[in-house]
Amino acid sequence: AQKITQTQPGMFVQEKEAVTLDCTYDTSDPSYGLFWYKQPSSGEMIFLIYQGSYDQQNATEGRYSLNFQKARKSANLVISASQLGDSAMYFCAMTPHTGNQFYFGTGTSLTVIP
Amino acid sequence: EPEVTQTPSHQVTQMGQEVILRCVPISNHLYFYWYRQILGQKVEFLVSFYNNEISEKSEIFDDQFSVERPDGSNFTLKIRSTKLEDSAMYFCASSDLTQGLQETQYFGPGTRLLVL
């Protein structure tokens, strides 16, 4: 069984500061992908970043980076230089090699304070 | 940049009525998905579709649900007899096959379904 856990229901960060959103996962599959999506108040799901389980380096996409610690089964999202537009729900998701469906966490609501 | 589109953006229906939610996936993608998100909850997988047939489905996807690719561009989710608990945001997603199995899924903007 696959499980994604996001333990922070809500987070606050000062504008221009960095913030880390936590995500841990559980899977018995040796190969899997990890994803982060942003959901603003308008409701759409916006892909942010991907990390493959066999990737040696942590993924980065602009101000987003993924702190992947395979032994700890964690895939935390780091947002640097927070902007007001970063205020949104953030979902961690995983898909195992043996299937295509995504398993989502419960999300973290991020509020950027001016 | 290509994107997944969904229509309608909002749908209100009476309990027991049939609804069809429509999606146009990204044109060169081969895998299609439906997810739902009940208000305030996490996104839940419903079904995946590849090569004109269902490849995976969850426990939520019971006999009330069906999917179809009626032509080369549309992908639909039909709920035969809606229940109050079907009220949710329904997301369509699509992904590419060539990058390997863990492809990024690109989501549409969602259809917000309200069953009264």
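Right above here is the structure, for reference.
Residues numbered from 1 in each chain as written. Chains lettered and ligands numbered in written order. Predicted model: local features only at pLDDT ≥ 70, side-chain atom pairs only at ≥ 80, totals over all residues. Heavy atoms only, no water.

Engineer: Is there a simple way to think about the overall build of chain B in this case?
Structural biologist: Helix and strand counts for chain B come out as zero helices and 11 strands. If you list the helices and strands of chain B from N to C, you get β-β-β-β-β-β-β-β-β-β-β. Taken along the three principal axes of its C-alpha coordinates, chain B extends 40 × 30 × 30 Å. Classification of the 116 residues of chain B by burial places 46% in the buried group. Contacts spanning at least 24 positions in sequence make up 54% of the contacts within chain B whose residues lie at least 6 apart. Each charge class in chain B can be summarised by its mean position, and for the 9 positive and 15 negative side chains these summaries are 6 Å apart. (Helix = DSSP H or I, 4+ residues; strand = E, 2+ residues; numbered from the N terminus. Buried < 20%, exposed > 50% of the residue type's maximum accessible area, 1.4 Å probe, protein only. Contact = heavy atoms within 4.5 Å. Lys, Arg positive; Asp, Glu negative; His and termini not counted. Charge placed at Lys NZ, Arg CZ, Asp CG, Glu CD.)

Engineer: I keep staring at the pattern of salt bridges and nothing clicks. Help me out?
Structural biologist: Residues and elements named next belong to chain A. According to the stated counting rule, one finds three salt bridges over all chains in the structure shown. In this structure, D86 engages R63 in a salt bridge whose closest nitrogen and oxygen atoms are separated by 2.8 Å. One end of the pair, D86, is in the loop between strand 9 (74–79) and strand 10 (88–96); the other, R63, is in the loop between strand 7 (60–61) and strand 8 (64–69), and 23 residues separate them in sequence. On the basis of relative accessibility, which here comes to 2%, the residue D86 falls in the buried class. The exposure class of R63 is partly exposed, given its relative accessible area of 23%. (Salt bridge = Lys/Arg side-chain N within 4 Å of Asp/Glu carboxyl O.)

Engineer: Please clarify how the state of the cysteines should be interpreted in this entry.
Structural biologist: Cysteine pairs can be covalently joined through their sulfur atoms, and such a bond is termed a disulfide. Tallied over the full model, the rule gives two disulfides over all chains. Two residues, C23(A) and C92(A), share a disulfide whose sulfurs are 2.0 Å apart. Disulfide C23(A)-C92(A): the torsion about the S-S bond is -65°, which places it as left-handed. A residue pair is termed long-range when its members are at least 10 positions apart, and C23(A) in the loop between strand 3 (19–21) and strand 4 (24–26) and C92(A) in strand 10 qualify at 69 residues. Neither residue differs from the other here; C23(A) and C92(A) are each classed as buried. Paired by a disulfide, C23(B) and C92(B) hold their sulfur atoms 1.9 Å apart. (Disulfide = S-S within 2.5 Å.)

Engineer: What am I meant to see in the environment of F104(A) here?
Structural biologist: Turning to its location among the elements, F104(A) is positioned in strand 11 (residues 103–104). A relative accessible area of 3% places F104(A) in the buried class. Sequence separation between F104(A) and Q2(A) is 102 residues, and the spatial gap between their C-alpha atoms is 9.7 Å. Apart from the residues within four sequence positions on either side, F104(A) is in contact with I4(A), Y37(A), M45(A), F91(A), C92(A), A93(A), Y35(B), K42(B), V43(B) and F107(B).

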